[in-house]
Amino acid sequence: MATIRPFSGIRFSTKAGKDISKLVAPPYDVLDAKGKAALVAKSPNNIVSIDLPHVPPKQLGPPGAYDSAAKAMNDWLASGVLMKSPRQAVYPYEQTYTHNGKSYHRRGLICLVKLTPFGVDVIPHEKTYAGPIEDRLQLMMSTGAQLSPVFGLFMDPRDEIMKKVFAGVTQPMCEATLDGVRNRMWEIIDGELEDHLMMDFKNKKVYIADGHHRYTTALHYQKLAEEKNGGPLPADHPANYCMFVLVNGEDPGLLILPTHRMVGGLKNWNVEHFLELIEPDFEITTTPFGPELVDELAQTLTGYGKNAIGVYDGATKKVFVIRLKTDRVMKALEPDKSDAWRTLDVAVLQRAIFDNVIAHHFSDGSEPTRGYTADENEVAPRIDRGEFQVGFLLQPTPIRALADLGKVGEVMPQKSTYFFPKLATGMVINPLRDPA
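These numbers were taken from a predicted model, which means no experiment stands behind them.

Draft legend 1. Spotlight on empty space enclosed by the protein. Taken as a whole and assessed by the stated rule, the structure comprises two cavities of 30 Å³ or more. Space inside the largest cavity adds up to approximately 140 Å³. Along the walls of the largest cavity sit 13 residues, with R136, M140, Q146, L147 and R214 positioned nearest its centre. Breaking the lining of the largest cavity down by element, the ones donating at least two residues are α4 (130–143), β7 (145–146) and α7 (212–229). Ranked by residue count, the leading element in the lining of the largest cavity is α4, at four residues. Split into classes, the residues belonging to the lining of the largest cavity amount to six nonpolar, four polar and three charged. Together, Y93, I110, P149, M243, V245, L423, A424, G426, M427 and V428 line the second largest cavity. Partitioning the lining of the second largest cavity into residue classes produces nine nonpolar, one polar and no charged.

What follows is the structure, given as structure tokens:
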């Protein structure tokens, strides 16, 4: 089960004041060059200057980019922009936000989690790819730090752990408003509390919500450190741990949004022909929704039942709901997968629609253009602008699916979950070696 520990974090110094809104950033993998530039325009000391030295971070960048990131970090430490806490601590972390007119509060704990191979104590739900890992590994080696945390979930129906963590916290050490989300962080130096938390997590597994590539990068870094050491590292070596934000999977402030799909570049696309092809396996319902109400359909999809998927066709402006008639369809397509995997909406869409129908009947052999968004308001406008031909709206993936798939060692199709809101990068940094 999971092993956690406190750490001496690096953070923006009190010179910046308590409000560090201009200094934090979203996770590196949701940013492009334009987004990075906007953050740097707020402050040259925005963490994005270090955390995203190379755009896009999908493959290894030029060596100079990582050297510049390391130099910036060392300069900020030397000048007092950044400072390292003198004692080990755990860091309560809270996010307050509004979604669809409703206010939410999500509480977490920033700490270190001992590295174990995937599927042992830390459970993944997505595949990882070599390019992003090469980028993150070079950045980690250059800076000697884990700059942004992995987002991890644990199950605690009575919320006992977070009650302990937040008992008695008063004024936060720092706070930041980012993309409309208020982030607040505290520092707790309390050996007795730390001991209690370590015992609590001895009975927990951690499920990765976001940050599979960051965790895999930490495993690679650990391996390199072991090779350099000539064998296993001392138990308390920094390379044996990875920085996490741990959130109760049953926290009412934890939202999973669906990631809707848009597809273009299809040959001879015709929605009526498409519906004829899928009719043997899917119930088809014509809806009264038009392009301007596609977002409303997305919010009411659950009312259509299990595996109900919305379809918006750009040519006819028609909106349909399709729903798998029987589980036998997915069993025939994926006999070796578990029931938990086969009943995922994203799996049904990928295998029974994309692979089994669209690839065979509406493709010239080239890869279709694909788009993804967690914002249902984007789907119809982007299709109407001609970026794509058809959109597919999904229901949220349930939290329990992470645990169900973890038990059988399976991962979800790409972009199955969108945990909202994203964590802020720059609240605290985990040093892996003494700063230069």
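Draft legend 2. Structural detail: the environment of E134. By the element assignment, E134 lies in helix α4. The spatial distance from the C-alpha of E134 to the C-alpha of P57 is 9.2 Å, given a sequence separation of 77 residues.

Draft legend 3. Layout of unusual backbone geometry. Across the junction of V55 and P56, the peptide omega takes the value -5°, indicating a cis bond. Along the chain, P56 falls in the loop between α2 (48–51) and α3 (63–79). Positive phi outside glycine occurs at N268, with the angle close to 55°. Tracing the backbone through its elements, the reader meets N268 in the loop between β14 (260–264) and α8 (271–278). Since its relative accessible area comes to 63%, N268 is described here as exposed. Even without being glycine, N307 reaches a positive phi, approximately 65°. Classification of N307 as buried rests on a relative accessible area of 6%.

Procedures and definitions
Residues numbered from 1 in each chain as written. Predicted model: local features only at pLDDT ≥ 70, side-chain atom pairs only at ≥ 80, totals over all residues. Heavy atoms only, no water. 1 Å grid on protein atoms, 1.4 Å probe; cavity = no way out; pocket = protein on both sides within 12 Å on 5 of 7 lines; lining within 4 Å. Points joined across faces, edges and corners; volume = space filled by probe spheres on them. Helix = DSSP H or I, 4+ residues; strand = E, 2+ residues; numbered from the N terminus. Nonpolar A, V, L, I, M, F, W, Y, C, P; charged D, E, K, R; others polar. Buried < 20%, exposed > 50% of the residue type's maximum accessible area, 1.4 Å probe, protein only.

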